[in-house]
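# Observations on the model geometry
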Amino acid sequence: MSATAAKRPTALLATLAVATLLVEAAIVYIAVATPADVNLGIVQKIFYFHVGTAFAMLISLVAGAALSGLDLVSPSDRVDAAARACIEVGVVFGAMLLVSGPLWARKSWGMYWTWEPRLTLSLLVVLLAVSVLILRGLAGDSATGRRVGASLAVLAAPASALIHLAVKLWGGNHPSVLQGGGIQSAEMRIAFWMAVAGLLSFAATLVAVRFRSLRLQQRVDALELDLSALALRRAAKGDA
Amino acid sequence: MSVGTTLRLTGALLRKDVRVAARSRETALLVLLFAVLCVLIFAFGFLREGAVAAEVVPGVLWVTLQFASTVALLRLFAAEEEAGALELALRSVAGPAPLFFSKALMQLLFSGMVTALVLPMVLVFFDATRIPLGATLAALALGLVGQALVGTLVSGLMVRVQMRDVLLPLVLYPILTPSLIAGVKVTAISIAGGSTEVIGTWLSLMVVFDAVFVLASPWLYARASTP
Amino acid sequence: MNRRLLTGAALALAICLSAFAAFAEAPAAQDLARYKEESIPGGLLALVAYMAMWALLAGFVGWTLLRQTKVEAALQALEDRIDGGAGR
């Protein structure tokens, strides 16, 4: 019936397979092959996936803001759906980042949370992204609601840059993130890049799946509108 | 539209807003009362018997101003929400830019009024009347401008959004963090007698903040609200 | 179609989760001595971190699945409406 539903998402399945393999391989490799950190011990193994989620969050949110800007300049349903998919996935990876970070910090810095610049920045950026999504949900799918959501996503970009500047000035001499948790051997480097690649491809798959779903929703909504208009016209004809 | 025309239209719209506010006076009263209560609540929360905590002064001052300004922001577009007045204003010869700037100036008037009340109150209640105020006054001016620019944009974007009274602070506060951090820092450093060089760094951060949003906010407002 | 894809994603996550068995490696003797002094063992922190991360991801996939089911139900309703209209 529907053209999109019948199309086999071969590329998506392939990405998913690659992502799964990479993540799986990375987990096994991290558990078996990488040595425990000289200073931190086994807890350092959080690091590989923690940094990967940070990359995935950053890339998704930057892409989401950029696509929102594009949608603001030349509105299109496709761009809108892509922007929303990116921001959603960015928020999920942001949540993963904010959960794994404090658990690692507990061991390496002796406390769950410090107002270290990068921590503060990620917390605020995730909060901003969440508020963009909530706003999108509450503003409705009207053209105005879409523009409002997109403007806010665009606004978040310079805001994040300024927050970064401010918290860096503010943070002063807190421990820097990579201190004591760096890459100390070739195995660690391999594991690190495997985890990063796996998480990035997983994020890409999720964005693609959400994008398809949102596009489908848009098409269903449009069809429902068409159908209602048609029914109205028929009813009017019947009356005449 | 030329700069002169924009300025004239902004002035006209601002005069209208001031007149409306002067007639009803309810928003101003509401905001001022809220600010007073805010300072009182902080006093109850922070004052210890026998010891006055001078180190809480920056936080109390800036957080009170941020909260009270939010109340004003929620009422900023109240007159335009009725009877499609916002659409008419946007479609009129004025367009979005003068509307935005007049509302931002109106917000600045409100928050300036709040500051004129809150600053002496905090200084008196927290026994901080002897601290040097020069840098703090400069920071307040810059901070309120930044707050008005971002706040007017967010408030204007959310005119048609449900539950915006809850959503507005949720969106606004993370964006305002740099300005808030800088303001608190400037006041704290000048109370502690720190170097003017460090104060200068923070003040220049606030200047950058204002410069970014004096450009970004009207542009985004025009993009998001013109049909 | 997307549903099958999502079921695949959920399955993939489950496989990833199962790999936690690999974490059950015995810590070296000198490590053990060092960790005895700590109140919170690092291995536990690492395990909790991994679990929480994958749980969040799995939650998102589950939520997506739910949304997808809803869209498909809406699509089905639409098709029924169109078929019904054509029959009239």
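Let us look at the structure shown here. Throughout, a residue's number is its position along its own chain's written sequence, starting from 1. To read the labels, note that chains go from A and ligands from 1, taken in the order they are written. Predicted model: local features are reported for residues with pLDDT of at least 70 only, side-chain atom pairs are reported and counted for 80 or more only, and whole-chain, interface and lining totals are derived from all residues. Hydrogen atoms and water are omitted, and side-chain values are computed over all heavy atoms in the structure.

Numbering of helices and strands runs from the N terminus; a helix is a DSSP stretch of H or I covering at least four residues, while a strand is a stretch of E covering at least two. What chain B contains, in helices and strands, is nine helices and zero strands. Along chain B, helices and strands appear, N-terminal first, in the series α-α-α-α-α-α-α-α-α. Only C-alpha atoms enter the radius of gyration; for comparison, a globular chain is expected to reach 2.2 Å times N to the power 0.38, where N is the number of residues. For 227 residues, the compact-globule formula gives about 17 Å, and the C-alpha radius of gyration of chain B, at 18 Å, lands near that figure. The buried label applies to any residue whose accessible area, calculated with a 1.4 Å probe on protein chains only, is under 20% of its type's maximum; exposed applies above 50%, and partly exposed to all values in between. Evaluated residue by residue, chain B yields a buried proportion of 50% over its 227 residues. Should any heavy atoms of two residues lie within 4.5 Å, those residues are counted as being in contact. Across chain B, every contact between residues at least 6 apart in sequence was considered, and the portion connecting residues at least 24 apart equals 82%. About 10,300 Å² of surface is accessible on chain B, with carbon and sulfur atoms providing 69% of the total. The Shrake-Rupley method, run with a 1.4 Å probe, gives the accessible areas here. Residue values count only the displayed protein chains as cover.

Residue and element names in this part refer to chain A. Every angle, taken between N-to-C directions, lies between 0 and 180 degrees, and every axis is a line fitted to C-alpha atoms, over only the stretch in contact when it is a helix. At a minimum axis separation of 9 Å, helix H4 (residues 77–108) and helix H5 (residues 117–139) run at an interaxial angle of 140 degrees. For the element pair H4 / H5, the angle class is oblique. Remark: the crossing between H4 and H5 carries left-handed chirality. Contacts from Asp80, Arg84, Ile87, Glu88, Val91, Gly94, Leu97 and Leu98 in H4 reach Ser122, Leu123, Val126, Ala129, Val130, Val132, Leu133 and Arg136 in H5. Taken together, the residues of the contact of H4 with H5 break down into ten nonpolar, two polar and four charged. Put simply, angles under 35 degrees are roughly parallel, angles over 145 are roughly antiparallel, angles from 65 to 115 are roughly perpendicular, and the rest are oblique. Note on convention: near helix rotated counterclockwise from far helix by under a right angle means a left-handed crossing. Clockwise means right-handed. Residues are sorted three ways: Asp, Glu, Lys and Arg are charged, Ala, Val, Leu, Ile, Met, Phe, Trp, Tyr, Cys and Pro are nonpolar, and all the rest, Gly among them, are polar.

Contacts between chain A and chain B engage 26 residues on the former and 30 residues on the latter. Three residues stand out in chain A for area buried against chain B, namely Leu138, Leu155 and Leu162 of chain A, and they jointly supply 24% of the buried area on that side. By salt bridge we mean one thing: a side-chain nitrogen of Lys or Arg within 4 Å of a carboxyl oxygen of Asp or Glu. Seen at the junction of chain A and chain B, the total is zero salt bridges. Identification of polar contacts relies on pairs of N or O atoms within 3.5 Å, with a donor-acceptor requirement for protein atoms, meaning one able to donate a hydrogen and the other able to accept it, and with residues adjacent in sequence counted only if both atoms are side-chain atoms. At the surface where chain A touches chain B, the tally comes to three residue pairs in polar contact (both at pLDDT 80 or more). Among the elements that line the side of chain A that touches chain B, the one with the most residues is helix H6 (residues 143–171) of chain A, at 16 residues. Grouping the amino acids of the side of chain A that touches chain B by side-chain chemistry returns 22 nonpolar, three polar and one charged. Buried area adds together the accessible area that both of two parts lose upon being put together, with accessible area traced by a 1.4 Å probe.

Residues and elements named next belong to chain B. Within the fold, Val60 resides in helix H3 (residues 57–74). Counting along the chain gives 22 residues from Val60 to Cys38, while the straight-line C-alpha distance between them is 8.7 Å. In this structure Val60 touches Phe42, Phe46, Val122 and Phe126, once residues within four positions along its chain are discounted.

Turning our attention to the side chain of Gln218 of chain A. Residues and elements named next belong to chain A. Counting through the fold element by element, Gln218 comes out in helix H7 (residues 186–239). Its relative accessible area of 14% is what places Gln218 among the buried residues. Every residue in contact with Gln218, bar those within four places of it in the chain, is listed here: Asp77, Asp80 and Ala81.

A helix is expected to reach a length of 1.5 Å times the quantity of its residues less one. Relative to the 34 Å expected for 24 residues at 1.5 Å per residue, helix H7 (residues 134–157) of chain B spans 35 Å between its end C-alpha atoms, a close match to the ideal helical length. Most of H7 of chain B sits inside the fold, with 18 of its 24 residues counted as buried.

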